[in-house]
Amino acid sequence: MQAANWPKTIQQREFHHVRTVLLRRPPAAPAASAADSEVDTFKSIYKQLIEINTTDSVGSTTEASQAMRQRLLDVGFAPGDFEVIEPYPRKGNLLGRYKGTGLKKPLLLLAHIDVVEARREDWKTDPFKLQEVDGRNIARGAIDDKAMAASYVSALAQLRREGFKPNRDMVLALTADEELGDSPANGASWLLKNRRQDVDAEFGINEGGRGELKNGKPHAHVMQIGEKTFLQYQFEATGPGAHSARPTPANTIYDLAEALVRLRQYRFPVDINPAARTYFERSAPMQAEDVRADFLAVAGGNPPADVVERLSNRGPIIGLLRTTCVATMVQAGHAVTAQAQSAKATINCRALPGQDLEFVEQKLREIAGPKVKVTQQVREEPAPGSPLKPELMQVVESISGSMWPGVPVVPTMGVSTTDSRHFRAAGIPMYGVSGLFVDPDKTGVHALDENIGVAELLKGREFMYQLIKRLASQS
Ligand SMILES: [Zn+2]
């Protein structure tokens, strides 16, 4: 999943050339002998993918795409089946398909292969060398999103070795620049704009879901079926300033502060969408008794105000109930002895799918008042939620139920964003489901020492293999 901001340098750079790279050899890959088990092959693909640095600053998703393409050619796919598309230098994408009989419309397997920056001096181990410590894989991208990318490549390779004949094409897209948001080199969005027919699908699988461990035990298998829209605004008060020894009533810091207090007190209307409703309904049985009743009240629709108030104070739950806007940065003043000529705040909003974005902006203007100017800085493309397709849900629930008995599959709305929004906006329903179980507080995703249990990773790969096979066998 992506961080909100991405460097302006990308936007400002001018990139002209679009290259389709078919023939370049990838960097040396550890050779997999025929005797290697599928698990060993997967581990080797995963390690190779992680150890190719794909950060924005110095890495290359082109190199990673070439390596993954070679893995697929090694098991017998034709060179024309998968291509590396590099619209911007170092920002390549792998696109191709495992052809089926065409009985059903294609299935899209989407994963981004760029990663968030990581500094060696901040980490316990080298973030770009896969380390196994106490049964855990530690590296940048150990989860986000190279675990899924490697699982797809390994599953397609295994199916190919097994001679599997799918009833639909399985389209693989391993893409660049997800972590930078609406970057011009964002592979998902670039492919939709420039290669629409080649990524077309009945529906797709992507990051955004996960299994949740509680005290080390599988607890819920979360499936992302929608996500909020990212918006960013600036509040700014400006004035002539003054010597601080002779203060004047016109004070930009106070004007801004008053607007921020009004923002703090404002709540957007509660709107329980189908994804959130299903989440509250399915996860109610897992809650402590007092919370369970509140969850069920929300699942029933129109929850009373006191229920909403209690749940709004329970960490991430607030994001499921309503659109939110919060001040994240402030900047004001230029000297300790001067009244500030300018006071600015950054306001970050996450709008519910279907939220009228003009309404959000209008509200912010009302809250800011006449002395504070509101400027929109970022407005990501809004996208509808994906429908709960029964034929997909049955497959996910059946595989999940056999691998993690008694653990419910819980559809929900993501409060952070993924590349699924581009496809949803283009009419292709996307589902975030991974089979990767983690303790949500200890993943290190976008942070230090990103890690996943070795056993959990291998089970996630097995889940993905079964999921792809079952979905491609549907008739
Ligand atoms: Zn991600």
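It should be emphasised that the depicted structure is a prediction, and the values quoted were computed from it without experimental measurement.

Peer 1: Any chance you could break down the overall build of the protein for me, citing the residues and the numbers?
Peer 2: Along the protein, the regular secondary structure elements total 15 helices and 20 strands. Radius of gyration (C-alpha) of the protein: 24 Å, near the 23 Å computed for a compact globule of 475 residues. Pairs at least 24 residues apart make up 78% of the contacts formed inside the protein by residues separated by at least 6 positions.

Peer 1: Go over the domain arrangement of the protein, please, and point to the residues and values.
Peer 2: With domains assigned, the protein is organised as domain 1 (8-226 + 384-473) and domain 2 (229-379). Centre-to-centre separation of domain 1 and domain 2, based on C-alpha positions: 33 Å. The interface is formed by 13 residues belonging to domain 1 together with 16 residues belonging to domain 2. Elements represented by at least two residues in the side of domain 1 that touches domain 2 include exactly strand E10 (217-227) and strand E17 (409-414). Residue classes in the side of domain 1 that touches domain 2 are distributed as eight nonpolar, five polar and no charged.

Peer 1: Any details on the sheet that holds strand E16 (residues 373-379)? Residues and values, ideally.
Peer 2: Strands sit in the order E13-E15-E11-E16 across an open sheet of four strands; the sheet is antiparallel. The sheet terminates laterally at strand E13 (324-332) and E16, the two strands that pair on one side only. Strand-to-strand twist across the sheet, computed as the mean angle between neighbouring axes with direction ignored, equals 20°. Two elements, strand E11 (residues 229-238) and E16, share six bridges in a ladder whose sense is antiparallel. Bridge pairing in E16 places Gln232 opposite Val378. Lying over the sheet, helix H7 (residues 252-265) contacts E11, E13 and strand E15 (342-351), oriented at roughly 15° with respect to E15.

Peer 1: Go over the sheet that holds strand E20 (residues 451-453) with me, naming the residues and quoting the values.
Peer 2: Ordered by their spatial adjacency, three strands build an open sheet running E5-E6-E20, and the pairing between neighbours is antiparallel. The open sheet terminates on both sides in strands that have one partner only, identified here as strand E5 (131-133) and E20. For this sheet the average axis-to-axis angle between neighbouring strands, irrespective of direction, equals 30°. Where strand E6 (residues 136-138) meets E20, three bridges bridge the pair, whose relative direction is antiparallel.

Peer 1: Outline the nonpolar core, listing residues and values.
Peer 2: Core analysis: the largest hydrophobic core is formed by 92 residues, its most contacted members being Leu49, Leu109 and Tyr152. Sort the elements by how many residues they give to this core and helix H4 (residues 146-161) lands first, with nine residues. Setting aside residues no more than four positions away along its own chain, Leu49 makes contact with Ala64, Ala67, Met68, Ile113, Lys146, Ala149 and Ala150. With 21 residues, the next largest nonpolar core counts Phe230, Ala351, Leu364 and Ala368 among its residues.

Peer 1: Got a sec to walk through the packing of helix H9 (residues 289-299) against helix H10 (residues 305-312)? Specific residues and values, please.
Peer 2: Contact geometry of H9 with H10 gives a least axis separation of 10 Å together with a crossing angle of 120°. Considering the angle they form, H9 stands oblique to H10. Crossing of H9 over H10 shows left-handed handedness. Only Val307, Arg310 and Leu311 of H10 make contact with H9, whose side of the interface consists of Asp294, Ala297 and Val298. Taken together, the residues that form the contact of H9 with H10 break down as four nonpolar, no polar and two charged.

Peer 1: Let's hear about the packing of helix H8 (residues 274-283) against H9: which residues, and what values?
Peer 2: Axis separation between H8 and H9 bottoms out at 8 Å; the angle between their running directions is 145°. Here H8 and H9 pass one another in a crossing that is left-handed. Judged by residue contacts, Arg277, Phe280, Glu281 and Ser283 of H8 engage Phe295, Val298 and Ala299 from H9. Each residue belonging to the contact of H8 with H9 can be placed in one class, and the counts come to four nonpolar, one polar and two charged.

Peer 1: Give me the environment of Leu107: which residues, what numbers.
Peer 2: Within the secondary structure, Leu107 is located in strand E4 (residues 107-112). With 26 C-beta atoms counted inside 10 Å, the residue Leu107 sits in the buried group. Residues Leu107 and Asp182 lie 75 residues apart in sequence; the distance between their C-alpha atoms is 24 Å. Once residues lying within four places of it in the same chain are set aside, the contact partners of Leu107 are Arg168, Met170, Val171, Ala201, Glu202, Phe203, Gly204, Leu471 and Ala472.

Peer 1: Go over unusual backbone geometry, please, and point to the residues and values.
Peer 2: Going from Asp144 to Asp145, the amide bond is cis rather than trans, its omega being -5°. Its location among the elements puts Asp145 in the loop between E6 and H4. Phi at Asp177 takes a positive value of approximately 60°, unusual for a residue other than glycine. Checked against the element boundaries, Asp177 lands in the loop between strand E7 (170-175) and helix H5 (187-194).

Peer 1: Summarise helix H12 (residues 357-368); cite the residues concerned and give the values.
Peer 2: Across its twelve residues, H12 extends 17 Å between first and last C-alpha, which sits within 8% of the 16 Å expected from 1.5 Å per residue. Taken residue by residue, H12 has Val360, Leu364, Ile367 and Ala368 as its buried positions. For H12, the angular spread of buried residues about the axis comes to 95°, placing them on one side. Projecting away from the buried face of H12 at angles above 90 degrees are the exposed residues Glu358, Gln362 and Glu366.

Peer 1: Can you tell me about the pairing of E11, naming the residues and giving the values?
Peer 2: Counting buried residues in E11 gives seven out of ten residues, a clear majority hidden from the surface. With ten bridges joining them, E11 and E15 adopt antiparallel strand pairing. If you follow Glu236 over to E15, its bridge partner there is Lys344.

How each quantity is defined
Residues numbered from 1 in each chain as written. Predicted model: local features only at pLDDT ≥ 70, side-chain atom pairs only at ≥ 80, totals over all residues. Helix = DSSP H or I, 4+ residues; strand = E, 2+ residues; numbered from the N terminus. Rg over C-alpha atoms; globule rule 2.2 N^0.38 Å. Contact = placed C-beta atoms within 7 Å. Domains from an automatic or database assignment. Nonpolar A, V, L, I, M, F, W, Y, C, P; charged D, E, K, R; others polar. Pairing = 2+ DSSP bridges. Axes fitted to C-alpha atoms, helices over the stretch in contact; angles between N-to-C directions. Core = buried A, V, L, I, M, F, W, Y, C linked by C-beta atoms within 7 Å. Buried ≥ 20, exposed ≤ 12 C-beta atoms within 10 Å, placed from the backbone. Parallel < 35°, antiparallel > 145°, perpendicular 65-115°, else oblique. Left-handed = near helix turned anticlockwise from the far one by under 90°. Expected span 1.5 Å × (residues − 1). Arc of directions from axis to C-beta.

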